[in-house]
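A closer look at the structure
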Amino acid sequence: MELPAQIYDDVIKRGQILHSDNFVDIGHGKFFVIIGVTEDCVVGFFFINSNINSFLYDKPAQMAVQYPMRKSDYSFLRYDSFLCANKVLKLNKTEIIAGLKDNSVTIIDEMKPEHITEVLDMVRNSDLFKEIEKKRFFYE
């Protein structure tokens, strides 16, 4: 059964947590959080990682945008993790829709509204992002 397009619009929105096995350079499935969707249907997202990459330890600006996600807040997590918000990764909305249709992308959860607010404040104030990226993905 084909789902109506409106269903996908309701899923592909800021704060939605998804899981995908389709990331080419990663040999395993990854959880990710949509941070913004543009008018031209490009989706900006951040990965959820179980640990902070040790490569970032001596990079204060990048460490400042590692947002803790607690297992007590998100039942799908096996342990406390981190939203790695140091780079906006992008996908075309049609890729996510295709993944939802073929079950290679699954809907997991939604970030709590207060956590989204904290993440948006964090990345809006970061020097890691260009103003055009901030306007495109971090504001309504």
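Placed above this text is the structure.
Described below are features of the structure shown in this document.

For the rest of this paragraph, the subject is the pairing of strand E3 (residues 42–49). Each regular strand displays side chains that alternate between the two surfaces of the sheet. Taken across its 8 residues, E3 has 7 buried, putting it largely inside the fold. Bridging between strand E2 (residues 30–37) and E3 involves 5 bridges; their strand directions are antiparallel. Directly across from isoleucine 34, in E3, lies its bridge partner phenylalanine 45. Hairpin connection between E2 and E3: a loop of 4 residues separates the two successive antiparallel strands, and cysteine 41 in this loop has a positive phi of roughly 70°. When E3 meets strand E5 (residues 81–92), the two strands line up antiparallel, connected through 7 bridges. The partner of asparagine 49 across the bridge, within E5, is phenylalanine 82.

Let us look at the sheet that holds E3. What the 6 strands build is an open sheet, ordered E4-E5-E3-E2-E1-E6; its pairing is antiparallel. In the strand order of this sheet, the two ends are held by strand E4 (66–69) and strand E6 (105–110), each with one partner. Here the strands of the sheet are splayed against their neighbours by 40° on average, with no regard to which way each runs. Bridge count for strand E1 (residues 16–20) against E2 is 4 bridges, and the pairing is antiparallel. Counterpart to histidine 19 in the pairing with E2 is phenylalanine 31. Across the sheet, helix H3 (residues 93–102) is in contact with E1, E2, E3, E5 and E6; its angle to E5 comes to roughly 105°. Sitting on the sheet, helix H4 (residues 113–124) touches E2, E3, E4 and E5, and the angle it makes with E4 is about 170°.

What counts, and at which threshold
- Residues numbered from 1 in each chain as written.
- Predicted model: local features only at pLDDT ≥ 70, side-chain atom pairs only at ≥ 80, totals over all residues.
- Heavy atoms only, no water.
- Buried < 20%, exposed > 50% of the residue type's maximum accessible area, 1.4 Å probe, protein only.
- Helix = DSSP H or I, 4+ residues; strand = E, 2+ residues; numbered from the N terminus.
- Pairing = 2+ DSSP bridges.
- Axes fitted to C-alpha atoms, helices over the stretch in contact; angles between N-to-C directions.
- Contact = heavy atoms within 4.5 Å.

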